[in-house]
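Residue-level listing of the chains:
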Amino acid sequence: MWVNQLVQMLLLLVPLTTDTQVAASQFTFTHRDQQEILNPERGLYKLCELTGGGSYVGYRTQYGITICYAPISLAQYRTSLISNTTLDLITAKFQELRQGGLKGIMRVIYNSDISGQDTTTDWVEKHLKQLQPIFESNKDVIAYFTAGIIGAWGEWHTSQ
């Protein structure tokens, strides 16, 4: 029902023709299964850490969302390459997003504390090279990347 109302409101926004010869028409849309239509890649979201625990497969139906904030925390790799175990975990988490019908809002972070430490540009470049094939093979479940990487929570402030 709300879909019909939405369509009718949107039709009011369509510019009307000045031609008086055109007869008015009515448009009716009926959503067959009467379930809400989720807004793809927009709207509210939940946290889905790609280097953390938990499963996100049920988020779409449980919370009615299609996107989630999916940070990749590399705090333990400030001065070393990302382990194969962590790379495999990130790959598995992308698969969970796919199975759950979700897309991730991506951000790589090195600290989650305003007094935390960042890493060097060299290590960031090495890590992004390690992550690049994972990002490439999972681009279908990446909504977009947020600017980040440095500072607390990758928010570009209070870097050490």
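Our subject in this report is the structure included herewith. (Residues numbered from 1 in each chain as written. Predicted model: local features only at pLDDT ≥ 70, side-chain atom pairs only at ≥ 80, totals over all residues. Heavy atoms only, no water.)

1. Regarding the packing of helix α3 (residues 84-99) against helix α4 (residues 121-137)
Phase 1: It is the contact of α3 with α4, at a shortest axis distance of 11 Å, that shows an interaxial angle of 15°. Judged by the angle between their axes, α3 and α4 are roughly parallel. As α3 packs across α4, the resulting crossing turns out to be right-handed. Where α3 approaches α4, its residues Leu87, Ile90, Thr91, Phe94 and Arg98 are matched on the opposing element by Gln130, Leu131, Ile134, Phe135 and Ser137.
Phase 2: Residue classes in the contact of α3 with α4 are distributed as 6 nonpolar, 3 polar and 1 charged. (Axes fitted to C-alpha atoms, helices over the stretch in contact; angles between N-to-C directions. Helix = DSSP H or I, 4+ residues; strand = E, 2+ residues; numbered from the N terminus. Parallel < 35°, antiparallel > 145°, perpendicular 65-115°, else oblique. Left-handed = near helix turned anticlockwise from the far one by under 90°. Contact = heavy atoms within 4.5 Å. Nonpolar A, V, L, I, M, F, W, Y, C, P; charged D, E, K, R; others polar.)

2. Re the packing of aromatic side chains
Phase 1: Taken as a whole, this structure holds 4 aromatic pairs when the rule is applied.
Phase 2: Taken together, a centroid distance of 5.5 Å and an interplanar angle of 70° make the contact between Tyr56 and Tyr59 edge-to-face. We note that Tyr56, like Tyr59, is buried.
Phase 3: Aromatic side chains Phe94 and Phe135 sit 6.4 Å apart centroid to centroid with 85° between the ring planes, which places their arrangement in the edge-to-face category. Within this pair, whereas Phe94 is found in helix α3, its partner Phe135 is found in helix α4, the two being separated by 41 residues in sequence.
Phase 4: For Phe94, a relative accessible area of 0% corresponds to the buried category.
Phase 5: In this structure Phe135 comes out as buried when scored by relative accessible area, which is 12%.
Phase 6: Members of the aromatic cluster, each reached through a chain of ring pairs, are Tyr56, Tyr59 and Tyr63.
Phase 7: Above the plane of the ring of Trp123 lies Lys126, whose end atom (NZ or CZ) is 4.3 Å from the centre. (Phe/Tyr/Trp six-rings, centres within 6.5 Å; stacked < 30°, edge-to-face > 60°. Buried < 20%, exposed > 50% of the residue type's maximum accessible area, 1.4 Å probe, protein only. Lys NZ or Arg CZ within 6 Å of the ring centre and 35° of its normal.)

3. Topic: the sheet that holds strand β2 (residues 67-73)
Strands pair in a sheet through their backbones, by hydrogen bonds, and they do so in one of two ways: parallel or antiparallel.
Phase 1: Ordered in space as β1-β2-β3-β4, the 4 strands form an open sheet in which the pairing is parallel. One side of each edge strand has no neighbouring strand; the edge strands of this open sheet are β1 (46-47) and β4 (142-145).
Phase 2: Here β1 pairs with β2 via 2 bridges, running parallel. Across the sheet, Leu47 pairs through a bridge with Tyr69, a residue of β2.
Phase 3: Of the strands in this sheet, β2, β3 (103-109) and β4 touch α4, which is tilted by about 175° from β3. (Pairing = 2+ DSSP bridges.)

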